[in-house]
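The primary structure of each chain is shown beneath.
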Amino acid sequence: MTALLEARGICVSFDGVQALQEVNITVETGELVGLIGPNGAGKTTLLHVIAGIINPQRGDVFLDRRSLTGLSTDRRVLMGLGISRQLVRPFYSMSVRENVELAAGAAGMRNPLTALVRRNSRAERRQSARILALVGLEAFADKHPGDLPLGMRKRLEMAKCLAHKPRLLLLDEPLAGLPQTEARALADTIARLQNERSGIVVIEHNLGEVLRICSRMVVMDNGRCIKTGAPERVMADARVRAAYLGEGHAGTG
Amino acid sequence: MDYAASLLTVAGINIILALGLNLITGYCGQISLGHAAFYGMGAYCAALMAKAGWPFFAVLLPAMAVAGVLGIVVGFAALRVRHDFLAITTMGVGFLFLGIVRQQEWLGGEMGIYNIPGAGLDSTGYMLLTLGFAALAAALSAHIKRSWMGRVFNAIADDEDAALTAGVNVAGYKLAAFAIGTAMAGLAGALYAHGIRYVGPESFGFVDSVAILCMVVVGGVGSVPGVIAGALLLTLLPQLLQVVSDYRLLLYGGLLFLVTRFSPGGMAGMARAIAAAAGRPRAS
Ligand SMILES: Nc1ncnc2c1ncn2[C@@H]1O[C@H](COP(=O)(O)OP(=O)(O)O)[C@@H](O)[C@H]1O
Ligand SMILES: [Mg+2]
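Calculation rules
- Residues numbered from 1 in each chain as written.
- Chains lettered and ligands numbered in written order.
- Predicted model: local features only at pLDDT ≥ 70, side-chain atom pairs only at ≥ 80, totals over all residues.
- Heavy atoms only, no water.
- Donors = N, O, S within 2.8 Å, 3.2 Å for Na, K, Ca; no water.
- Helix = DSSP H or I, 4+ residues; strand = E, 2+ residues; numbered from the N terminus.
- Near = heavy atom within 4 Å.
- Polar contact = N/O pair within 3.5 Å; in protein donor to acceptor, adjacent residues only side chain to side chain.
- Areas by Shrake-Rupley, 256 points an atom, 1.4 Å probe, with all protein chains shown as cover.
- Nonpolar A, V, L, I, M, F, W, Y, C, P; charged D, E, K, R; others polar.
- Expected span 1.5 Å × (residues − 1).
- Buried < 20%, exposed > 50% of the residue type's maximum accessible area, 1.4 Å probe, protein only.
- Core = buried A, V, L, I, M, F, W, Y, C linked by side-chain atoms within 4.5 Å.
- Domains from an automatic or database assignment.
- Contact = heavy atoms within 4.5 Å.

Trainee: Would you mind going over the coordination of the magnesium ion (ligand 2) with me for this structure?
Mentor: Ideal coordination angles are 109.5 degrees for a metal with four donors arranged tetrahedrally and 90 or 180 degrees for a metal with six donors arranged octahedrally. On the protein side, the magnesium ion (ligand 2) has Thr 44 of chain A (OG1) and Gln 86 of chain A (OE1) as donor atoms, found 2.0 to 2.8 Å from it. Pair noted here: Thr 44 of chain A is in helix α1 (residues 43-51) and Gln 86 of chain A is in the loop between β6 (81-84) and α3 (96-105), with a separation of 42 residues, a long-range link.

Dropping the structure here:
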């Protein structure tokens, strides 16, 4: 067992409402997992538990067999989690380049005292230039995030994650709100980020695109994982269809 | 001359106070309504040590350390609460400080501590010394703003959650902001104790915390020249106009309201807007 990510028996309830009930999920290195399910299924909540944004009532999360329980979000990021949340949240007071530089410098600048005696950012600048090229943002480096269209802000969000060379990238609805051609291009970018040493979990409502890029699907409904497996097999499953139809969710977003 | 010197000494002390709070609230985005408590910590610490025979320069560092340590303790509270809850928490710290001081006989209770030995300088010398420390505080503030630390503070003030997912040690930096900003208040307190040669609880109350916040906001949150100008203005104005001094609270409240409503960037923001308007002809 060398799972990259393993979450076991995760239980979360909000004011008595069970958002996650005994959820288990594993991700192996080299996988691109599509996490789908109707609205309110608990996908974002699961991501928040893995990211340390909320603490579960029960259950444990392991990354590379190291327990993440009790660690703050920033620590988890430095241990190899890349977290891109549903709503993009760049630093609006900085340029695109500075956004990525800040993330790139976070590991070396854990100690505020080192940051106090540090002015230049040559290493971070180089790294940010490389990452911005990787996600197709090099032309926007000196723009401010507020001036970018949504699609570009989503790429910036991803660029900030990549600054830490994450082992596991967690993406919450990266394609939501994008026109189909942009969604397709961004899905291609995500697929290109995939490699043998890392994993990606992408929560998505755009079923057409997830099906196209992911190697495995996990389906959630009502706070539980109801099905996992190869995309075609999962989509043929009666329970999965019922969960979607029950929600009135036709599919391709 | 003596009057002018003591007035400028007070102005220098207020500049140090306002720049310290600017680090916490302006740079790092953590509101504090209890800055006068750290000022008082430094002042009382310096007063006690001076009375015990410690020379002036030996007192400054301990006064900063005592205030800074209390600042870190309060900073830990800032890790748990945000925004308006942090405002209330820091306000509580201010009241707690005064409540304790007023009850303690060894701190002089309501009477305070008087006959504190001076620094051995005449009033002009002491003014120059205080202004020198104010210049150092300004230099440190400007340096931090340009350093990586300033960038990280900026990110935390901008969006704390985004800073966390960017891997930023948010907790560590918040504590650093509180430690540095409150240590500066401790220094201001020590300068006050030796300058006025008396410390009493009435100098470190809620109104004083609001006054310091007012200097920061009126001058321009985050701007070093702006905050200095704000501190100067709010020090000199009540001295020059008796009516202002009689209605201090009203003035602070009114200024805070007007600035946040009409010019959130304070005087620095206004100066920038005027410079920008002068620089290019306005499109109609
Ligand atoms: N912070 C919260 N407080 C209360 N209820 C919440 C909170 N976050 C999520 N929930 C509830 O938990 C359930 C799962 O939500 P979520 O994880 O956002 O679903 P999904 O991302 O799959 O659409 C929903 O019923 C939602 O209303
Ligand atoms: Mg969601």
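Trainee: Just to check I follow, could you spell out the site of ligand 1 for this structure?
Mentor: Residue and element names in this part refer to chain A. The environment of ligand 1 is formed by Phe 14, Ala 19, Pro 38, Asn 39, Gly 40, Ala 41, Gly 42, Lys 43, Thr 44 and Thr 45. Here an oxygen atom of ligand 1 sits 2.7 Å away from a polar atom, N or O, in the side chain of Thr 44. One nitrogen or oxygen atom from the side chain of Thr 45 is found 2.5 Å from an oxygen atom belonging to ligand 1. Against a free-state accessible area of 560 Å², the protein chains account for coverage of 57% of ligand 1. Here the residues of the shell around ligand 1 sort into four nonpolar, five polar and one charged.

Trainee: Quick question: what am I supposed to make of helix α10 (residues 224-240) of chain B here?
Mentor: Structurally, the α-helix is built with 3.6 residues per turn, so residues lying three or four positions apart point the same way. Residues and elements named next belong to chain B. For α10, spanning 17 residues, the distance from its first C-alpha to its last is 24 Å, which sits close to the expected 24 Å at 1.5 Å a residue. Within α10, burial applies to Val 224, Gly 226, Val 227, Gly 230, Ala 231, Leu 234, Thr 235 and Pro 238. Measuring from the side-chain oxygen of the N-cap residue of α10 to the backbone nitrogen of Gly 226 gives 3.0 Å; that N-cap residue is Ser 223.

Trainee: What exactly am I supposed to notice about the nonpolar core here?
Mentor: Generally speaking, a soluble globular protein has its nonpolar side chains buried in company with each other. In this structure, Val 168 and Val 199 of chain B are the most contacted members of the largest nonpolar core, which totals 138 residues. Taken together, domain 1 (3-80 + 166-249) and domain 2 (93-153) of chain A each give at least three residues to this core, which thus spans both. When sequence neighbours within four positions are dropped, the list of residues in contact with Val 199 of chain B reads Ala 43, Tyr 44, Ala 47, Gly 112, Ile 113, Ile 116, Tyr 192, Ala 193 and Phe 204 of chain B.

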